Amino acid sequence: MTTMNKQWRLKARPVGEPSADTWEYTETALPTITDGQLLIKIAYLSIDPAMRGWLNDAKSYIEPVQVGDVMRAGTVGEVIESKHEKFAVGDYVCGHNGVQSYAVSDGTGLYKVDPNLAPLSYYLGVLGMPGMTGYFGLLKTGEPKAGETVVVSGAAGAVGGLVGQIAKIKGCRVVGIAGGSEKCQFLIDELGFDATIDYKNEDVKKALKQTCPDGVDVYFDNVGGDILNDVLTQINLRARIVICGAISQYNNTTPIKGPSNYLSLLVNRARMEGIVVFDNIKEYPTAMKDIAGWIQSGDIKVKDHIVEGIETFPDTLMMLFKGKNFGKLVLKVEG
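This is a predicted model, so every value here is computed, not measured. (Residues numbered from 1 in each chain as written. Predicted model: local features only at pLDDT ≥ 70, side-chain atom pairs only at ≥ 80, totals over all residues. Heavy atoms only, no water.)

Draft legend 1. Summary view of the packing of helix 2 (residues 129–142) against helix 3 (residues 158–169). At a closest axis distance of 8 Å, the pairing of helix 2 and helix 3 adopts a crossing angle of 45°. By the angle class used here, helix 2 and helix 3 are oblique. Crossing angle aside, the handedness with which helix 2 passes helix 3 is right-handed. Counting all contacts with helix 2, which are made through Pro130, Gly131, Thr133, Gly134, Tyr135, Leu138 and Leu139, the residues of helix 3 involved are Ala158, Val159, Leu162, Val163, Ile166 and Ala167. Here the contact of helix 2 with helix 3 is composed, by residue class, of ten nonpolar, three polar and no charged. (Axes fitted to C-alpha atoms, helices over the stretch in contact; angles between N-to-C directions. Helix = DSSP H or I, 4+ residues; strand = E, 2+ residues; numbered from the N terminus. Parallel < 35°, antiparallel > 145°, perpendicular 65-115°, else oblique. Left-handed = near helix turned anticlockwise from the far one by under 90°. Contact = heavy atoms within 4.5 Å. Nonpolar A, V, L, I, M, F, W, Y, C, P; charged D, E, K, R; others polar.)

Draft legend 2. Highlighting the pairing of strand 10 (residues 195–198). Side chains of strand 10 alternate between two faces, with Ala195 and Ile197 and Thr196 and Asp198 buried alike. Of the pairings in the sheet, the one linking strand 9 (residues 173–178) to strand 10 comprises four bridges and is parallel in character. Within the sheet, the bridge partner assigned to Ala178 lies in strand 10 and is Asp198. Note on the crossover from strand 9 through helix 4 (residues 181–189) to strand 10: the handedness is right-handed. (Buried < 20%, exposed > 50% of the residue type's maximum accessible area, 1.4 Å probe, protein only. Pairing = 2+ DSSP bridges. Right-handed = clockwise from strand over helix to strand, strands pointing away.)

Draft legend 3. Layout of the sheet that holds strand 8 (residues 149–153). Spatially, six strands are ordered 10-9-8-11-12-13 in an open sheet, and the strand pairing comes out parallel. What marks the edges here is a single partner per strand, and that holds for strand 10 and strand 13 (271–274). Averaged over all pairs of adjacent strands, the angle between their axes in this sheet comes to 15°, without regard to strand direction. Sheet topology note: the strand 8/strand 11 (residues 216–221) ladder contains three bridges and is parallel. Across the sheet, residue Val151 finds its bridge partner in strand 11, namely Tyr219. The sheet strands contacting helix 4 are strand 9 and strand 10, and the helix crosses strand 10 at an angle near 170°.

Draft legend 4. Region of the structure containing the side chain of Thr149. In this structure, Thr149 sits in strand 8. Filtering out sequence-adjacent residues up to four positions away, Thr149 remains in contact with Arg173, Cys212, Gly215, Val216, Asp217 and Val218.

Draft legend 5. Examining the pattern of salt bridges more closely. Applying the stated criterion to the full structure yields eleven salt bridges. One salt bridge in this structure joins Glu148 and Arg240, with 2.6 Å as the shortest N-O distance. Taken together, the positions of Glu148 in the loop between helix 2 and strand 8 and Arg240 in strand 12 (residues 235–243) put the pair 92 residues apart, joining distant regions of the chain. Summarising the burial analysis for this pair, Glu148 and Arg240 share the class buried. The residue Asp226 makes a salt bridge to Lys257 at a minimum N-O spacing of 3.1 Å. Here Lys257 lies in the loop between strand 12 and helix 7 (263–267) and Asp226 lies in helix 6 (residues 225–232), a separation of 31 residues in the sequence. Asp226 sits in the partly exposed class, given a relative accessible area of 47%. Take Lys257: its relative accessible area is 42%, and that puts it in the partly exposed class. Overlapping salt bridges bring together Glu143, Arg271 and Glu273 as one network. (Salt bridge = Lys/Arg side-chain N within 4 Å of Asp/Glu carboxyl O.)

Draft legend 6. Inspection of the packing of aromatic side chains at higher detail. If you walk through the whole model with that rule in mind, you get eight aromatic pairs. Measuring from ring centre to ring centre gives 5.1 Å for Trp8 and Tyr25, while their planes differ by 50°; the resulting arrangement is tilted. Here Tyr25 lies in strand 2 (residues 23–29) and Trp8 lies in strand 1 (residues 4–10), a separation of 17 residues in the sequence. Through a chain of ring-to-ring contacts, three or more aromatic side chains come together here, namely Trp8, Trp23, Tyr25 and Phe313. For Arg72, the ring lying beneath its charged end belongs to Trp54, and the centroid distance is 5.1 Å. (Phe/Tyr/Trp six-rings, centres within 6.5 Å; stacked < 30°, edge-to-face > 60°. Lys NZ or Arg CZ within 6 Å of the ring centre and 35° of its normal.)

See below:
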């Protein structure tokens, strides 16, 4: 039986939420590689909120996915054929090789990983782009100090969960905002957060006053919208607001809701700064070493949410925007 390459391509740019009309599923024969190339059998795909932004034909930190192209995604897999001097058959590699079961690469953007040191899925999460985002976003941009209060939204997600745990390592009081009692309990019982706010069942503004009696020094924002507005009413002098994402706004068909309470930044001489993880790429090895050490010592716990089968990609992506993922969302290519 001939092995086929299963691929999801962008068929049309979505307005609002991606739908069945957004995607085209194809199966093609495996390509033949030429000198300087390698063939990767992809094991896992990273499912990230940033993928929604990549569908928009708009200026951003990275070029949009073009209509007709394989959807961009972080990947980890095994080299099964190589005509590249730096990669051998049997190597495991990470890169952005798209939503497909096999990928041809010239080696650009690839780096080797060791499946014996950590599960492969970790290299797409805590030791991958989400981990680097949380590490640098908090430590370099948020600049937390021992004794300060750090609030994290999307706290049960891949980035938020790590941010909260690193803040605890640095001696901060940590409050996580998440949806549902199960996620909130997990943040306290498993990840060691000091307090949580269930945005689905609580008044966030009122709960912030209760859980942050000394105000907010660092806010790591993954959701934007009303929650960002609510946190701005509670910030302290010289607070740092880290803008990592705005998942509540990504599928809007109306204008994005900006922070109407932004004058709190003026009153409190606070700083709001956006982050893009790729700005720190030269320092990734340091971050990976630190995070791996914290995992080994038990200071950081990892939770992956693995869905099986590349055929499920459209539905799996939408789990992010419906709050259905619990931990880092990863798609295992073969079910």
